[in-house]
Amino acid sequence: EAGVAQSPRYKIIEKRQSVAFWCNPISGHATLYWYQQILGQGPKLLIQFQNNGVVDDSQLPKDRFSAERLKGVDSTLKIQPAKLEDSAVYLCASSLLGEQYFGPGTRLTVT
Amino acid sequence: QQQVKQSPQSLIVQKGGISIINCAYENTAFDYFPWYQQFPGKGPALLIAIRPDVSEKKEGRFTISFNKSAKQFSLHIMDSQPGDSATYFCAAGDDKIIFGKGTRLHILP
């Protein structure tokens with residue numbers, strides 16, 4: 001079975017620019033998560049979708065971050081404008097029966 | 001915010017030895033306790049998980065011990081191998097999980 005796909009794998013932008021990340025979950029997985037993983041720390045949940053509805057976005061900095069999951073499958077996470085502290089790996093995960101499976105992540109560097 | 005405290009931050013073990021990583025949680029409503037393994041440049045991979053109705057779960061060389069009254073759980077890696085060298089994260093929650101800060105494990109050949 002194919003895993004969670006993410007693109008791009010790496011992105012370097014300047015502060016105040018915008019960036020978007022894409023995630024394709026495992027087929028049939030209704031729940032999708034976006035995490036931020038800062039170097040040396042554990043992943044931190046940004047947003048959780050159930051099908052195409054938001055379950056929890058309490059830790060998403062909504063003044064600059066947005067996410068959507070059209071048709072309950074693929075998802076995009078956008079940052080606009082980026083700040084230096086947004087430099088991190090952005091991980092997408094999907095689950096069917098509670099077990100979360102992660103993609104390889106997108107490493108974002110903001111200069 | 002609910003926390004999951006993980007220790008040690010780093011661990012060095014001889015090949016063939018036992019690696020032990022500990023975690024503590026706060027929220028008694030949590031009912032799912034997974035461990036993830038992460039290699040550099042990769043996403044976390046689910047290693048083993050336990051629910052609070054059992055005190056221990058073993059899968060191959062990996063064992064989770066769970067102490068509900070103490071709100072603690074631990075990962076034991078038996079016969080540790082150099083290929084086990086990675087960062088390990090405990091987590092706790094339900095359909096939403098909170099991760100610990102990770103333990104960098106290095107197995108000496």
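Note that the coordinates shown come from a computational prediction; the quantities given were computed from them, not determined experimentally.

The rules behind the values
Residues numbered from 1 in each chain as written. Chains lettered and ligands numbered in written order. Predicted model: local features only at pLDDT ≥ 70, side-chain atom pairs only at ≥ 80, totals over all residues. Heavy atoms only, no water. Helix = DSSP H or I, 4+ residues; strand = E, 2+ residues; numbered from the N terminus. Polar contact = N/O pair within 3.5 Å; in protein donor to acceptor, adjacent residues only side chain to side chain. Contact = heavy atoms within 4.5 Å. Pairing = 2+ DSSP bridges. Axes fitted to C-alpha atoms, helices over the stretch in contact; angles between N-to-C directions.

## Concerning the side chain of S75(A)
Residue and element names in this part refer to chain A. Relative to the helices and strands, S75 resides in strand β8 (residues 75-79). At a separation of 2.9 Å, a polar atom in the side chain of S75 contacts the main-chain carbonyl oxygen of E68. Discounting chain neighbours no more than four positions away, the residues touching S75 are F21, W22, C23, L32, W34, F49, E68 and R69.

## Re the sheet that holds strand β3 (residues 19-25) of chain B
All names here are of chain B. Reading across the sheet, the 5 strands line up as β1-β3-β8-β7-β6 and stay open at both edges, with antiparallel pairing between neighbours. Two strands in the sheet have a free side with no partner beyond their single neighbour: β1 (4-7) and β6 (56-59). Direction aside, neighbouring strands of the sheet carry axes that sit 15° apart on average. Across 4 bridges, β1 lies against β3 in antiparallel orientation. Of the residues in β3, the one forming a bridge with K5 is A24.

## Remarks on the sheet that holds strand β1 (residues 5-7) of chain A
All names here are of chain A. Taken together, the 4 strands give an open sheet; going across it, the order is β1-β3-β8-β7, and neighbouring strands pair in antiparallel fashion. With one partner strand each, in any of the chains shown, β1 and β7 (65-68) form the two edges of the open sheet. Along the sheet, successive strands turn relative to each other by an average axial angle of 15°, direction set aside. The pairing of strand β3 (residues 19-24) with β8 spans 5 bridges and is antiparallel. Bridge pairing in β8 places W22 opposite T76.

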